[in-house]
Amino acid sequence: MATATSAAAAQEHIAKRAKFEDAQEKHGGSLGDAASHPMEHDAADKENAAAVATAGGSGHTFSEGNVHDLMRLYYDRLFPAKTMMKWLAYGNDSKHPQADAGFMQRREFCFTLEGDIFCRYQSFRDAKDLRAALRDKVPSKIDLGPVFNVDPQKRLAYAGGGAGSNAVFAPTERELVFDIDMTDYDDVRSCCSSANICNKCWPLMTVAIKVVNQGLRDDFGFKHLLWVYSGRRGIHCWVCDKRARQLSNEGRAAVAEYFSVYKGTDASGTVKRVATTSPLHPSLQRAYTDVLRPFWTDTILPAQGLLEDAKYFEPVLAMIPVAEIRDKVGAQWRSSRRMGTAGEDESVARWVKLEAEVGKAIKVMKSMNTPEALALRRCLYDIVFAHVYPRLDVEVSKHMNHLLKAPFCVHPKTGRVCVPMDPARADSFDPMTVPTVAQLLNELDANAGKEGAGGAGGAREEAYELTAMKGAVDCFNRTFWDALDKECREELGGRARDAAAAPTVEW
């Protein structure tokens with residue numbers, strides 16, 4: 001990208017810039033300690049405050065501030081439109097004789113413009129068409145909808161066709177999607193609340209990825225899963241196997257309900273409810289043994305201190321069905337006496353003590369089949385499931401025509417890119433290090449003049465390879481698209497062979 005071009009674009013599109021010194025002051029003089037300083041997305045005076053890198057040789061800097069002012073440059077130079085459209089075409093963008101040439105234009109895009117103006121039922125022929133629309137409209141958010149039976153821009157011709165008309169505008173396929181939001185765990189987080197996140201509570205999202213990813217693969221046999229960071233406080237999963245895309249709404253609801261173990265609280269608002277059995281369903285036992293129990297004792301309890309604060313441990317006590325144990329443990333927890341030894345986390349020590357008390361009672365009641373005895377055998381499981389099992393927004397998954405934010409778009413509040421995630425490396429994913437649009441533009445500017453960076457007549461699509469966006473696109477291909485692309489091409493080849501082998505009609 002030529003320096004002159006960057007500078008001119010910056011003057012035109014960058015209206016507001018947060019100062020690095022202001023950002024340092026708001027964060028106590030340091031921007032590097034992510035665990036100590038939550039990512040505070042709700043506070044307007046702290047929004048988008050981050051360290052600013054100086055772009056090499058350009059004489060100016062793209063600063064974190066009004067994210068929308070940076071979006072036109074991002075869509076023009078860095079957004080991987082070809083990658084996006086190749087995925088959404090599922091092989092139908094090729095010249096293969098069995099490809100559906102009209103498939104891509106039947107996919108709905110929704111743009112959210114400044115002022116929360118929604119532009120639904122957009123459709124595009126290819127990456128060039130999409131990029132032109134992005135540069136023109138500069139949406140603050142891009143959502144993806146289903147593939148319809150006709151181009152959604154022509155839907156009015158199929159709406160209300162009149163008596164006796166068979167014309168219907170309807171979705172025909174859509175990825176099975178899951179949305180998990182950190183705000184749904186506010187009763188478990190002592191470190192943050194609402195839209196704020198930090199490295200102490202992010203492990204709750206790690207647990208969700210591990211449990212749902214394994215369940216979808218092992219229990220349902222799905223293979224092509226795309227995990228994406230939402231750019232702010234959550235994660236999305238796109239299940240892109242053909243049979244997943246063609247599921248009915250009833251089928252989608254059934255899969256979502258399979259993972260709906262946490263059921264909220266009872267009428268009192270105190271006792272957490274979970275849908276478990278004794279013995280546990282094999283998938284729940286696997287989740288508990290492999291993921292939930294280790295994270296609960298090794299990560300969540302020490303990080304959140306849940307059994308040291310009455311706000312959080314009273315609901316735990318309420319889930320103990322035997323009054324004698326509940327009262328005994330409650331008295332211990334409410335006292336100021338420490339139960340842990342030197343160097344031992346107090347919440348973990350209290351949990352170990354609770355396990356011992358419940359274990360002794362189970363032995364005494366082992367021959368009983370009373371509701372109280374059965375509930376006691378489940379209560380430790382129920383407490384863990386109620387606090388750390390994935391909490392899905394089921395309504396997002398149930399309906400084929402539900403919109404979901406597209407990968408690679410930029411969150412308007414944080415400026416962070418919605419990057420793909422590797423579920424096999426979920427433990428090491430750090431949302432605090434996800435690139436922002438300003439960072440990417442600075443990296444691109446610093447590499448001005450290098451081959452592939454673009455410029456007049458340059459190769460626009462490869463410009464992202466000079467920035468941290470390359471890692472995001474590589475992750476997309478390596479963990480998801482390469483295998484699915486191969487399957488799509490094999491399917492087209494199979495259709496061609498079937499067509500060639502089909503008998504012909506002779507007149």
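Up top is the structure these notes are about.
1. Focus on the overall build of the protein chain
Then comes step 1: Broken down by element type, the protein chain carries 16 helices and 11 strands.
Then comes step 2: When each of the 507 residues of the protein chain is scored for burial, the buried share is 51%.
Then comes step 3: Excluding contacts between residues fewer than 6 apart, the proportion of contacts in the protein chain whose partners are at least 24 apart in sequence is 69%.
Then comes step 4: On the protein chain, roughly 22600 Å² of surface is accessible, and the fraction owed to carbon and sulfur atoms is 50%.

2. So, unusual backbone geometry
Phi is mostly negative for residues that are not glycine, and the peptide bonds are mostly trans.
Then comes step 1: Here the residue pair Ser 278 and Pro 279 is connected by a cis peptide bond, since its omega of 5° sits within 30 degrees of zero.
Then comes step 2: Within the secondary structure, Pro 279 is located in the loop between strand E9 (272-274) and helix H9 (282-304).
Then comes step 3: The backbone of Tyr 90 shows a phi angle near 50°, a positive value even though the residue is not glycine.
Then comes step 4: For Tyr 90, the location among the structural elements is in the loop between helix H4 (81-89) and strand E1 (107-113).
Then comes step 5: Positive phi outside glycine occurs at Val 138, with the angle close to 45°.
Then comes step 6: Residue Val 138 is classed as buried on the basis of its relative accessible area, which comes to 4%.

3. Considerations on the environment of Asn 249
Then comes step 1: With respect to the element layout, Asn 249 can be found in helix H8 (residues 249-258).
Then comes step 2: For Asn 249 and Ser 397, which are 148 residues apart along the polypeptide, the C-alpha to C-alpha distance reads 8.6 Å.
Then comes step 3: Side-chain polar atoms of Asn 249 contact the backbone nitrogen of Met 400, separated by 2.8 Å.

4. Side note on the pairing of strand E6 (residues 225-229)
Then comes step 1: Across the 5 residues of E6, 5 count as buried, placing the element largely inside the fold.
Then comes step 2: Every second residue of E6 is oriented toward a common face, with Leu 225, Trp 227 and Tyr 229 on one face and Leu 226 and Val 228 on the other, all of them buried.
Then comes step 3: The pairing of E6 with strand E7 (residues 234-239) spans 5 bridges and is antiparallel. Following the sheet pairing, Tyr 229 is matched in E7 by Ile 235.
Then comes step 4: Hairpin connection of E6 to E7: 4 residues between the antiparallel strands, including Gly 231 at a positive phi of 95°.
Then comes step 5: When E6 meets strand E11 (residues 420-421), the two strands line up antiparallel, connected through 2 bridges. Among the inter-strand pairings, Trp 227 is bridged to a residue of E11, identified as Met 421.

5. Re helix H15 (residues 437-446)
Then comes step 1: Of all 10 residues in H15, 7 are buried; the element is thus mostly enclosed.
Then comes step 2: Every buried residue of H15 is accounted for by Val 437, Ala 438, Leu 440, Leu 441, Asn 442, Leu 444 and Asp 445.

6. Points about the environment of Glu 346
Then comes step 1: Mapped onto the fold, Glu 346 is located in helix H12 (residues 346-364).
Then comes step 2: Between the C-alpha atom of Glu 346 and that of Leu 307, which follows or precedes it by 39 residues, the distance is 7.7 Å.
Then comes step 3: When neighbours within four sequence positions are excluded, Glu 346 is seen to be in contact with Glu 308, Arg 337, Arg 338, Met 339 and Gly 340.
Then comes step 4: Within the structure, Glu 346 has its side chain in polar contact with the backbone nitrogen of Met 339 (distance 2.9 Å).

7. Overview of the packing of H9 against H12
Then comes step 1: At a minimum axis separation of 8 Å, H9 and H12 run at an interaxial angle of 140°. The angle between H9 and H12 places the two elements in the oblique class. The segment H9 lies against H12, with Arg 293, Trp 296, Thr 297, Leu 301 and Pro 302 engaging Ser 347, Val 348, Trp 351 and Glu 355.
Then comes step 2: The residue makeup of the contact of H9 with H12, split by class, is 5 nonpolar, 2 polar and 2 charged.

8. Observations regarding empty space enclosed by the protein
Then comes step 1: Taken as a whole, this structure holds 2 cavities of 30 Å³ or more when the rule is applied.
Then comes step 2: Of the volumes computed, that of the largest cavity is approximately 80 Å³.
Then comes step 3: In terms of lining residues, the largest cavity is bounded by Val 211, Gln 214, Gly 215, Asp 219, Tyr 258, Phe 259, Ser 283, Leu 284, Arg 286, Ala 287, Val 291 and Tyr 389.
Then comes step 4: Top contributing element to the lining of the largest cavity by residue count: H9, with 5 residues.
Then comes step 5: Among the residues forming the lining of the largest cavity, the class breakdown is 7 nonpolar, 3 polar and 2 charged.

9. Let's talk about the packing of aromatic side chains
Then comes step 1: The final tally for this structure, using the stated rule, is 27 aromatic pairs.
Then comes step 2: Ring geometry for Trp 296 versus Trp 351: centroids 5.5 Å apart, planes at 80°, classification edge-to-face. Highlighted residues: Trp 296 in helix H9 and Trp 351 in helix H12, separated in sequence by 55 residues. Judged on exposure class, the residue Trp 296 and its partner Trp 351 are both buried.
Then comes step 3: Taken together, a centroid distance of 5.5 Å and an interplanar angle of 40° make the contact between Phe 385 and Tyr 389 tilted.
Then comes step 4: We classify Tyr 389 as buried; its relative accessible area is 3%.
Then comes step 5: Members of the aromatic cluster, each reached through a chain of ring pairs, are Trp 87, Trp 238, Phe 408, Phe 476, Phe 480 and Trp 481.
Then comes step 6: Over the ring of Tyr 121 we find Arg 120, and its NZ or CZ is 4.8 Å from the ring centre.

10. A word on the side chain of Arg 107
Then comes step 1: Along the chain, Arg 107 falls in strand E1.
Then comes step 2: Residue Arg 107 is classed as buried on the basis of its relative accessible area of 0%.
Then comes step 3: Side-chain polar atoms of Arg 107 contact the backbone oxygen of Gly 145, separated by 2.8 Å.
Then comes step 4: One polar contact links Arg 107 to Glu 175, side chain to side chain, over a distance of 2.7 Å.
Then comes step 5: Ignoring anything within four residues of it in the chain, the contact list for Arg 107 reads Leu 88, Tyr 90, Gln 122, Ser 123, Gly 145, Pro 146, Val 147, Pro 152, Arg 174 and Glu 175.

The rules behind the values
- Residues numbered from 1 in each chain as written.
- Predicted model: local features only at pLDDT ≥ 70, side-chain atom pairs only at ≥ 80, totals over all residues.
- Heavy atoms only, no water.
- Helix = DSSP H or I, 4+ residues; strand = E, 2+ residues; numbered from the N terminus.
- Buried < 20%, exposed > 50% of the residue type's maximum accessible area, 1.4 Å probe, protein only.
- Contact = heavy atoms within 4.5 Å.
- Areas by Shrake-Rupley, 256 points an atom, 1.4 Å probe, with all protein chains shown as cover.
- Polar contact = N/O pair within 3.5 Å; in protein donor to acceptor, adjacent residues only side chain to side chain.
- Pairing = 2+ DSSP bridges.
- Axes fitted to C-alpha atoms, helices over the stretch in contact; angles between N-to-C directions.
- Parallel < 35°, antiparallel > 145°, perpendicular 65-115°, else oblique.
- Nonpolar A, V, L, I, M, F, W, Y, C, P; charged D, E, K, R; others polar.
- 1 Å grid on protein atoms, 1.4 Å probe; cavity = no way out; pocket = protein on both sides within 12 Å on 5 of 7 lines; lining within 4 Å.
- Points joined across faces, edges and corners; volume = space filled by probe spheres on them.
- Phe/Tyr/Trp six-rings, centres within 6.5 Å; stacked < 30°, edge-to-face > 60°.
- Lys NZ or Arg CZ within 6 Å of the ring centre and 35° of its normal.

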